[in-house]
Amino acid sequence: QFRGVWAALEPLQEPLLQHIPGVADALRDFVVHTLGLTYQAIPAAHVTASLGLDAAAAAKLVEARGWRVEGELVQVALNDDNQAKPRKAAEEGGGALQLGQLTKVMSAAFGLH
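In this report, the structure presented in the accompanying data block is examined.

**What about the sheet that holds strand S2 (residues 68–70)?**
Across a sheet, strands are paired by hydrogen bonds formed along the backbone, either parallel or antiparallel in direction. Pairing is antiparallel across the open sheet formed by three strands, whose spatial order is S1-S3-S2. Two strands bound the open sheet, and with one partner strand each, they are strand S1 (41–43) and S2. Strand-to-strand twist in this sheet, taken as the mean axis angle between neighbours without regard to direction, amounts to 25°. Where S2 and strand S3 (residues 73–75) come together, three bridges link them in antiparallel fashion. Note on S3: the bridge partner recorded for glutamate 70 is leucine 73.

Right, dumping it as structure tokens:
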């Protein structure tokens, strides 16, 4: 919902935000950080709208982060958060059903109390 932030802030620009230097830059840093955690590739139009900038300014901002604008798509630099990782539930202490749990589920499901 980053797109809506810029519209909501527009009425506050003159009376408040222009007197607080760096607010818009800090918000854009947060947006870029969040998009970088979430995506590996994202439509350029979505990035532009989320940042509340025109296409050229948005491209300059994301390219400074090491992202690449390739036509209508922005390729986000890979990081630990935006890559799928294999996980073994048993190794992490949960997620896998144990036999005792499964028998309780099956008993309840089939009325075998």
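Moving on, there is more to tell.
**Re the packing of aromatic side chains**
Scanning all chains against the criterion turns up one aromatic pair. Residues phenylalanine 2 and phenylalanine 30 carry aromatic rings whose centres are separated by 6.1 Å and whose planes lie at 80° to one another, so their mutual orientation is edge-to-face. On the criterion of sequence distance, the pair formed by phenylalanine 2 in helix H1 (residues 2–9) and phenylalanine 30 in helix H2 (residues 23–38) is long-range, its members being 28 residues apart. A relative accessible area of 21% means that phenylalanine 2 is categorised as partly exposed. The partly exposed category is assigned to phenylalanine 30, whose relative accessible area is 49%.

Conventions used here
- Residues numbered from 1 in each chain as written.
- Predicted model: local features only at pLDDT ≥ 70, side-chain atom pairs only at ≥ 80, totals over all residues.
- Heavy atoms only, no water.
- Pairing = 2+ DSSP bridges.
- Helix = DSSP H or I, 4+ residues; strand = E, 2+ residues; numbered from the N terminus.
- Axes fitted to C-alpha atoms, helices over the stretch in contact; angles between N-to-C directions.
- Phe/Tyr/Trp six-rings, centres within 6.5 Å; stacked < 30°, edge-to-face > 60°.
- Buried < 20%, exposed > 50% of the residue type's maximum accessible area, 1.4 Å probe, protein only.

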